[in-house]
Structure formats: structure tokens, C-alpha cells
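# Structural overview
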Amino acid sequence: MKGLANGDLFRSPIVVKIAAFVLVSLAFFYLGKHWTEGSTQLVFFNSRQTSSVSISPNNDKNFDISSLISQNQTESVSEKTFSVPPVQSPPAVPPPPPPDAFQRFGIVNENGTMSDEFEVGEFDPDEVVENWGSENGTKVEKEGSGSDRVHVQKFGFCPSSMSEYIPCLDNTEALKRLKSTEKGERFERHCPAAGLSCLVPPPKNYKSPIPWPKSRDEVWFSNVPHNRLVEDKGGQNWITREKNKFKFPGGGTQFIHGANEYLDRINKMVPDIAFGQNTRVVLDVGCGVASFGAYLLQRNVITMSIAPKDVHENQIQFALERGVPAMVAAFATHRLLYPSQAFDLVHCSRCRINWTRDDGILLLEVDRMLRAGGYFVWAAQPVYKHEEVLEEQWKEMLNLTTRLCWEFVKKDGYIAIWKKPSNNSCYLNREEGTKPPLCDPKDDPDKVWYVDLKPCITQLPENGYGANVSKWPARLQTPPDRLQSIQIDAYISRKELFRAESKYWIEIIEGYVRALHWKKMRLRNVMDMKAGFGGFGAALIEHNLNSWVMNVVPVSGPNTLPVIYDRGLLGVMHDWCEPFDTYPRTYDLLHAASLFSIERKRCNISTIMLEMDRILRPGGRVYIRDSLSVMDELKEIGDAMGWHVTLRDTSEGPHASYRLFIADKRLLRP
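Residue indices follow the written sequence of each chain, beginning from 1 at its first position. Where local features are concerned, this predicted model is filtered to residues with pLDDT of at least 70; where side-chain atom pairs are given and counted, the filter is 80 or more; whole-chain, interface and lining totals use all residues. Working from all heavy atoms in the structure, the side-chain values ignore hydrogens and water.

## Quick look at the sheet that holds strand 16 (residues 570–574)
Rule in force here: At least two DSSP bridges between two strands are needed for those strands to be called paired. Secondary structure elements follow DSSP: runs of H or I of four or more residues count as helices, runs of E of two or more count as strands, with numbering from the N terminus. Fitted lines through C-alpha atoms serve as axes, helices being fitted only where they are in contact, and the angles separating the N-to-C directions of these axes extend from 0 to 180 degrees. For this analysis, residues touch if any pair of their heavy atoms sits within 4.5 Å.
Pairing in this open sheet of seven strands is mixed, and the strands run 16-15-14-17-18-20-19 from one edge to the other. With partners counted over all chains shown, the strands left at the sheet margins are strand 16 and strand 19 (644–649), one partner each. Ignoring which end each strand starts from, the neighbouring axes of this sheet average 20° apart. Sheet analysis places strand 17 (residues 587–593) next to strand 18 (residues 616–627), joined by six bridges and oriented parallel. Across the sheet, residue Ala592 finds its bridge partner in strand 18, namely Ile624. Docked against the sheet, helix 18 (residues 628–640) engages strand 18, strand 19 and strand 20 (658–664), running at close to 160° with respect to strand 18.

## Quick look at the state of the cysteines
Quick reminder of the rule: Two cysteine sulfurs form what is called a disulfide whenever their separation falls within 2.5 Å. Exposure categories follow from relative accessible area, calculated using a 1.4 Å probe and restricted to protein chains: below 20% of the type maximum is buried, above 50% is exposed, and the middle band is partly exposed.
The final tally for this structure, using the stated rule, is six disulfides. Here Cys158 is linked by a disulfide to Cys198, with a sulfur-sulfur distance of 2.0 Å. Between Cys158 and Cys198 the sulfur-sulfur dihedral comes to about 100°; the bridge is accordingly right-handed. With a gap of 40 residues between them, Cys158 in the loop between strand 3 (148–154) and helix 4 (172–176) and Cys198 in the loop between helix 4 and strand 4 (218–220) connect regions that are remote in the sequence. Assessed through its relative accessible area of 4%, Cys158 is described here as buried.

## Quick notes on the nonpolar core
Filter applied, for reference: For the purposes of this section, nonpolar cores are sets of buried Ala, Val, Leu, Ile, Met, Phe, Trp, Tyr and Cys residues that join through side-chain atoms within 4.5 Å.
One finds Tyr338, Trp355, Phe376, Phe596 and Met609 to be the most contacted residues of the largest nonpolar core, which totals 132 residues. Dropping the residues within four chain positions of it, Phe596 is found in contact with Ile605, Ile608, Met609, Met612, Ile624, Asp626, Val630 and Leu634.

## Considering the side chain of His574
Let me state the cut-off plainly: Here a polar contact means two N or O atoms within 3.5 Å. Within protein one must be a hydrogen donor candidate and the other an acceptor candidate, and residues neighboring in sequence count only if both atoms are side-chain atoms.
Within the secondary structure, His574 sits in strand 16. By relative accessible area, His574 is classed as buried at 2%. Within the structure, His574 has its side chain in polar contact with the backbone oxygen of Glu578 (distance 3.0 Å). With residues near it in sequence (within four places) discarded, His574 still touches Arg189, Trp449, Val552, Val553, Pro554, Val555, Pro579 and Phe580.

## Some points on the sheet that holds strand 4
Where strands meet in a sheet, backbone hydrogen bonds hold them as pairs that are either parallel or antiparallel. One open sheet holds the three strands; their spatial order is 4-6-5, and the pairing between them is antiparallel. If you trace the sheet from one side to the other, it starts and ends with strand 4 and strand 5 (240–242), each paired once. Strand after strand, the sheet turns through a mean of 30° between neighbouring axes, direction not considered. Relative to strand 6 (residues 245–247), strand 4 runs antiparallel, the two being bridged by three bridges. Pairing of Val219 across the sheet is with Phe246, part of strand 6.

## Observations concerning the pattern of salt bridges
Inclusion rule: We count a salt bridge whenever a side-chain nitrogen from Lys or Arg sits within 4 Å of a carboxyl oxygen from Asp or Glu.
Counted by the stated rule, this structure contains 33 salt bridges. We note a salt bridge from Arg299 to Asp264, for which the minimum N-O separation is 2.9 Å. Pair noted here: Arg299 is in the loop between helix 7 (291–296) and strand 8 (302–307) and Asp264 is in helix 6 (residues 259–269), with a separation of 35 residues, a long-range link. Of the charged contacts, one joins Glu365 and Arg368 as a salt bridge, the two residues approaching to 2.8 Å between their closest N and O atoms. Of this pair, Glu365 and Arg368 both sit in helix 9 (residues 357–369), separated by three residues, roughly a single helical turn. In this pair, the class of Glu365 matches that of Arg368, namely buried.

Just distances and angles here, no functional claims.
And the structure:
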């Protein structure tokens, strides 16, 4: 074989290829070295181990990839490397147009990450109906008997002046006919003869309410467009207005430094009060904007905040817009709609009530509702001011509470606290002729619907019913003693009925959470329109749904309110053939089980449905479980009110005698 000449070795194809490969490799080596030593680095891996969550080293670094590539393509390479011919740079690409201004409507920001800083207020387009109008639309159909039936195809709007209409409290004709108003009669229920026949309109520019817990501290001005409380109470740290929102600093007339400090002071004065354990259910009388109740919520205390619709008429509306339990009510001439021994503590801070008038008839109503061994907290000027008139009021209060057998526990600054007796021994040992007298044993202290106040002391049950409730949270699922006093067709099995109802609703709510995504719903102010033993409300707590429930017990059924309060829940007596005492647009969810099949025998279904529309917020939801016999009529009325209605089978299947009515209330605009 002939040897290779001196130049043939380098002209060999194999050697040329190897040399080219080496030169290219060296070129890329120096390019990489230049990149890592002279330019911003892109790091994809980090060999250092830490116990914390890893954050990309590229975080907060900006890269102009086009310029980097261009720079490395045109830069000269060391003489020892293979020369790489320059590559033509592509023409410059114009920058993209700036993105549209990002408007926040939820809790995910423009980068796709969760944020605490967000705005709400706008409704989805499918939740809004424009040009609804004020005229009712009807259709007449011939019945088989030859008579005509009128179907309402659309309910029109009421006049805009009725946007905050409470039928039984705004009945001006009835108020004109009152013989006297000196005892607060004008603040009580005076219902019109006929129910609503139109839809109460929202105020102009109504927005989707701010969700809880942010709503505790701020609400939209456009939803409660009234400055009166700001003007009257702004200096007392109740409420302020900042641009398009009302802000709630958490103060009150007697606790301008904040409700939390005030609550700590009360707990320190009487440690046995033990908010969230011994004290679970509270009544706040003359509540203002309900900051007292709002801050008790974080201590596992539920508060019924009440106030009349007086010169500060929107205070209850503010409370409900904030997501705090409240209703319009007044100490006047009738019993309040709560049972005996309902509240572990009753609170009055400058509530402007003369407790000693008419020999203490109003404080006797407090005594009826206060649980045995419960506390009355009074923060008012007579407690601490030394003016002659106020000192006389203080003496009258001490005299009256002594005759009621209340123990004066402590006075500290402007706060005074009394304790109700735990049994009847003091009542029975009073001197003969002491007033007020004991009530007749035949008087039912739980009978409250349109019942006059009684100028007598309600005796406690000799068997201790109502006094021996468990501490919270055990009391929620513990069958209370007062189950035995409920007038229902059962005796031995009442505890089993109680447990069965609780288990039933826990399973139902579990299905709603799983199949209907209840944990994604806006769910804060909830009403159960036929509450039974309160199983529905208890199930919401068991499933950690961040809401509170107004448990309504209809007058057409057994009075189970004592059991509801013994469980540590709130409730009220009501007749659904009449309007409810709350402002329009105050509830997120209305729930009714087996209500309409009963009430249809007493009043028109449309009357109840129109009242439901009045108190339901736009964007709110209705769940009705009832018999098939009422479903068609419910759907017809729901459609006529502009609701988005669907009918679903229950878990029992398509052949069950019950069905589930689900409706979403849309925002209707004139």
C-alpha cells in the first residue's frame, strides 16, 4: 500500500471532519464561557438543598433574548477557534401593544396569583336583565269548569320610592290611625291588608355586595345610599364614608376605642361570662351598626342585633349589608319574637330605652328572654354620671333589679352588670305584695306572636329546663331538655327525632357541597324559612360554611324556637302569610323545606314568593324542597319574577314525591 504524501494526511476527509468538529466545539465552549461570565445568567437547576420552598433564581430578572442572541452572533471569537461566519440579524420586530387596563373583580390578580387586594361589585352579564319595566304581564286561560284563570307572566317593578320598603313598618295609613304613639307603637308591626303585587326595585347603581369577612369593615355606598348615620355618629367611631364606600372602624357610642377592647373589659369584669363557651347567644338592644355583634363573631358568639326603624332608620340595613345577624325590632307594647330563656347575655349600650317605665315592664321582657343565670350588661350615662336626674335613674334601676331578684355583680366605669337567678327561690321568698308580681303559671312565656307585654315576672321551670345547657360547641348537637316541652306528636323518641334531623341535613348539605358547589357560592346571610329543630343551620356549621342562619319557625307549626336557642343558634317566630321585618336585599340564600305545601292552605303562594324576592339579594339563591304538587306553580311565579329557575330530582330519584326547586335571582333594571 502506497504511503501518504506530506499534504495528503490533511486532505483526508476523515481528518477534515474531526478538525471541524473540534473547532466548532471550542467555539461553543468559549461562547458559553462568555455568556456565563459577562451576561445575565439563566439558571435552571440549583444543587444547593434547602428546607424552604424553592424560588427560581430567575425570579425578578429581565431578559432581552433577541439582543443576547444578536450580541453573540456578531462578537469575534478567539484566533485559536474556528471562524464562524456572522449571521444576518432578523429585522427588528415592533413591540406588542400594551394590554388593556386590568379591572379586578375577584381575588386573582393580573398575574394569575391570589391577592387580598381586590374589588367586587359588578354582576356577570347573565345575572343582569335590562329594561324589565313596571307593568305586570298577564295571560288568561279557560279552566275546565268554564271559569277563567289569570296567569301572571311577568311582575313589574314597584315605584322607585319603595326601594327600602318594609311593608309592616312602612304602612303609613295604619300609623295615622294609631290612638297613641307614646310607648313606641309606631315602631311595631302594622301590616297592610294585601301583600305585594310588584317587585321592590334596587337602588340606582346597586353593586354585588362585598364578601365576608371584608364586608365587616366596609360596604358599598350605592347599596345603602344614606349619610345620616355618618353625620350623626361619625365622631363616635361608628361609621365613616370614604369615596364610594362606608367604613366601619369598630367603635360605638360607649366604646369609641373599639369593640374588642370593650369586650375584653366585660370579660375581665366577670370571667364567668366566658365569651364563646358559657356565653354563646347574645341580644344587642339598640345595636347601631352592629359592631358589638360583628366582633363577637370571632369569639364564637352569635348575636341578634336589633333596633327600631327610627330616625337612624338604616342601622339594621347597614348591619345586614355587613353580613352581621340583625333584624328590625322594638321594645314597645308587644313581646319580641324570641322565646323565653333565649339569650345567655343581653347588652344595652346607650340604647335609649327607659327600662324603669311602667314599673319595669320593658326590663321584665328582658328577664323573660334572658336565660337562667344569664347576664344583663348596661353601659349608659346613669351608670357613671353624677347629675341629679341621672343619679335618680340609677337608684330606680337598682331598686327595680333588686325586686326582680337580679344580683348586682359589678360596676366599672360606665359599665354595670347584673345576673339573673338560676331558680325561683328568690321570687318565692319576696315580701308579700312586692311588685312586679309573678306571672300566672298558665301563661306561656314562649307564646310571642302578637302577644302583649306582661307586667309580671316569668317563673323558671321547676325541672331546670333551659338552665342546663352544654357549653359551646357541644350544645350544637346535644339534645336539650326543652325538647320534652315542644308540642309535637312524640315523647319518648324526641331525642331520636332530633338526632335524625341533624344527620339528615348533614348528609343533604354534604351533597349540596359536592354536587352543587356550595363552598364556591357567596353564602353569608342565610334564612331557613321552616327551621324545625335547626338541623339545616347546624349542618352549615358542621360543614364549615362561613355563614349564619336566621332560623324561622312558622306560626302554623310547633314552636321549636326554645330548642334552636338551646343549640346555640338564632331564630324568630313568623307567619309567612305576612311580610318579614327586614330590609330589602338582605339575604344571600333562602331555604324552605316542606313550607309551601302547608302554607298554600292559608295564603297565596305568590304572596310568599314576592316577599322572598324582596328580601333576597340580586345574585342570591333559593332552594325549595317540596312536594310535586306545588312545583309547577312555584316555577311559574319564579319565572314571572325574573328568576333563573331549574327543577331537579332529589337523591330519592325521579319517582320521588318531592323535588328540588333552585333559583338564582338576577339583577333586574327598569
